[in-house]
Structures are given as C-alpha cells and as structure tokens.
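# Remarks on the overall topology
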Amino acid sequence: MTQAPAAIPSAQSARSGAPTARSSLRKGDRSGGVQARCYALPTRPEAVTSDAVITGIESVCHMDASILLDPGSTYLHVSSYFTRYFDMPPESLVSPIHVSTLVGNSIIVDRVYRSCVETIGGLKTRVDLLLLSMVDFDVILGMHWMSPCHIILDCHAKNVLLAMLLLPRIEWRGFLDYIPSRVISYVRT
C-alpha cells in the first residue's frame, strides 16, 4: 500500500511534542501563521460536465464512494454523510482550514480522518480526509493525493493515469455523463 499525501497535523500529535509521520508536513506546506484555504467545487451535474474535474465511483475505507478528482483543491475531503459508516473517530486539526465556496461563503474544517484506505484502479493508498459538510460527493481528492501519486489527468476524456515510479501505470476512467444517483424516481407534469 502506498502512502500518498503528506499528513495533516492533528491537535493531539502537536500536543505530544513527539515528531511522528502524521504530525509533520512537507516543506512548503506550513502556513506560517496564515490560515490555509482551499476551494470547493460546483454541484455534481456541473462537475460531471466540466472539463476541469473528473467524477466516478471508487473504494474509500472499503466502501464504494462517489469521488471527485479536483486539481483545483489542495486537500482531500470526505462528506459527513459518508463518515457515518466509518469505524474510527476523527481527530482535531492543529489549525482549522477555511474552505471557500463558489458563492463566497467560508466553511471552517477542523476534523480529519487519518490513514483511510483509498483504492483507484486497483492501487491502494492511505489518505487523510478532512471532514466537510457536502452532499454531491462522498470524497474529493485534491492535489495532496494527486501529486505524490504522479497523476496525469485528461479531464476532457475523463481519464486518470497513475504513473508512480517503479509501479506499472494504471489507467482509470471516470464518468462521462451525469446520472443522478440519489434520485429514485420523479414525475414531470
């Protein structure tokens, strides 16, 4: 299993004082007193038809999850609805992260699920998922996951190529069309 992204420091690990793999950030990831920010994406129909992101279904914590691969997002996020099925509690973050939405609102994210198994195209990685209230996707995979996995995206064709060194290349294809997964039926009059 591959450890993809740099870990996000938790309040618990920061209090202990002992350096751990999870409590350290890579050089350049520290905010230097400035609050970190990332940007949330549009709704599922807008994301599926966008040439800037890729959507699909893959395994997260051994469950099928509706995912959004978003090169515009720094971090990895998980829906509070999806975490109802997790068998682990979240940890507190040392520094909250402000997520700005498209309508200009800001959401403060202060909880993280550590070392979740994420599988795409058969490759398993361990990821830290920031807890975010969202309804259109179960998981958003951002650059903290894509960069270490050497991801090559073709958002127009909805193809993902995992080109990690010393591993065979893996190709995964996202959704080309929007299919509302949470709509059981409707009547138009």
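Numbering of residues starts from 1 in each chain and follows the order in which that chain's sequence is written. Restriction of local features to residues with pLDDT of at least 70 applies here, the model being predicted, together with a cutoff of 80 or more for giving and counting side-chain atom pairs; totals for whole chains, interfaces and linings are based on all residues. Water and hydrogen atoms play no part in the side-chain values, which are based on all heavy atoms of the structure.

## Digging into the pairing of strand 7 (residues 106-120)
- By this definition, two strands are paired if DSSP reports at least two bridges between them. Here a helix means four or more residues in a row that DSSP labels H or I, a strand means two or more in a row labelled E, and each is numbered from the N terminus. In this structure, strand 3 (residues 54-60) lies alongside strand 7, joined through 2 bridges in antiparallel fashion. Note on strand 7: the bridge partner recorded for S59 is T119.
- One ladder, built from 6 bridges, connects strand 6 (residues 91-100) with strand 7; its direction is antiparallel. The residue bridging V99 from the neighbouring strand is I107, located in strand 7.
- The pairing of strand 7 with strand 8 (residues 123-132) spans 7 bridges and is classified as antiparallel. Bridge assignment links V117 to a residue of strand 8, and that residue is R126.
- As consecutive antiparallel partners, strand 7 and strand 8 are separated by 2 residues, and within that stretch G121 has a phi angle of approximately 60°, a positive value.

## Structural notes on the sheet that holds strand 12 (residues 170-173)
- On the basis of which strands lie adjacent, the open sheet formed by 3 strands has the order 10-11-12 and antiparallel pairing. The two strands at the open ends of the sheet, each matched to only one other strand, are strand 10 (151-154) and strand 12. For this sheet, the mean angle separating the axes of adjacent strands, direction not counted, is 20°.
- The sheet contact formed by strand 11 (residues 159-162) and strand 12 spans 4 bridges and is antiparallel. Considered in strand 12, the bridge of V160 is made with W172. A fitted line through C-alpha atoms represents every axis, and for helices the fit uses only the stretch in contact; the resulting angles, taken between N-to-C directions, go from 0 to 180 degrees.

## Description of the confidence of the model for the protein chain
- Scored from 0 to 100, pLDDT records how confident the predictor is in each individual residue. Here the protein chain shows a mean pLDDT of 74. Residues at 70 or above account for 65%.
- Per-element confidence in the protein chain ranges from a low mean pLDDT of 39 for helix 1 (residues 11-16) to a high of 94 for strand 5 (residues 77-79).
- Throughout residues 10-37 the model reports pLDDT below 50, and contacts reaching past four residues in sequence, or to other chains, amount to 42 contacts. The contact definition used throughout considers only heavy atoms, calling two residues in contact when any of these lie within 4.5 Å.

## Here we look at the packing of aromatic side chains
- To pair, rings of Phe, Tyr and Trp, with the six-membered ring standing in for Trp, must have centres within 6.5 Å; the planes then decide the type, stacked if under 30 degrees apart, edge-to-face if over 60, and tilted in the middle. By the definition in use, this model includes 2 aromatic pairs.
- With centroids separated by 5.6 Å and ring planes inclined at 80°, the aromatic side chains of F82 and F86 adopt a geometry described as edge-to-face. By the burial criterion, F82 is buried, and F86 matches it.
- Plain terms: the ring middles of F86 and Y113 are 5.0 Å apart, the flat faces sit at 85° to each other, and that makes the pair edge-to-face. The rule is simple: take the accessible area with a 1.4 Å probe, protein chains only, and divide by the maximum for that residue type; under 20% is buried, over 50% is exposed, in between is partly exposed.

## Here we look at the pattern of salt bridges
- We count a salt bridge whenever a side-chain nitrogen from Lys or Arg sits within 4 Å of a carboxyl oxygen from Asp or Glu. Applying the stated criterion to the full structure yields 2 salt bridges.
- With a shortest N-O distance of 3.1 Å, R114 and E91 are connected by a salt bridge. Of the two residues, R114 sits in strand 7 while E91 sits in strand 6, which places them 23 residues apart along the sequence.
- What makes R114 buried here is its relative accessible area of 6%.
- For R114, the salt bridge goes to D128, with nearest N and O atoms at 2.9 Å.

## Considerations on the nonpolar core
- Definition of nonpolar core: a set of buried residues of the types Ala, Val, Leu, Ile, Met, Phe, Trp, Tyr and Cys, connected through side-chain atoms within 4.5 Å. V60, I67, L69, L129, V139, W145 and L162 are the most contacted members of the largest nonpolar core, which totals 28 residues.
- Those elements that place two or more of their residues in this core are strand 3, strand 4 (63-69), strand 7, strand 8, strand 9 (139-141), helix 3 (143-146), strand 11 and strand 12.
- Residue contacts for I67: discarding those within four places in its chain leaves I54, T55, G56, I57, E58, V60, I120, F137, V139, L141 and W172.
- Of all hydrophobic cores here, the second largest spans 13 residues; its members include L68, I97, V99 and M134.

## What to know about the environment of L132
- Along the chain, the position of L132 falls in strand 8.
- According to the relative accessible area criterion, L132 is buried, its value standing at 4%.
- Each residue touching L132, except ones within four places of it in the same chain, is listed here: H77, V78, S79, S80, V99, I107 and V109.

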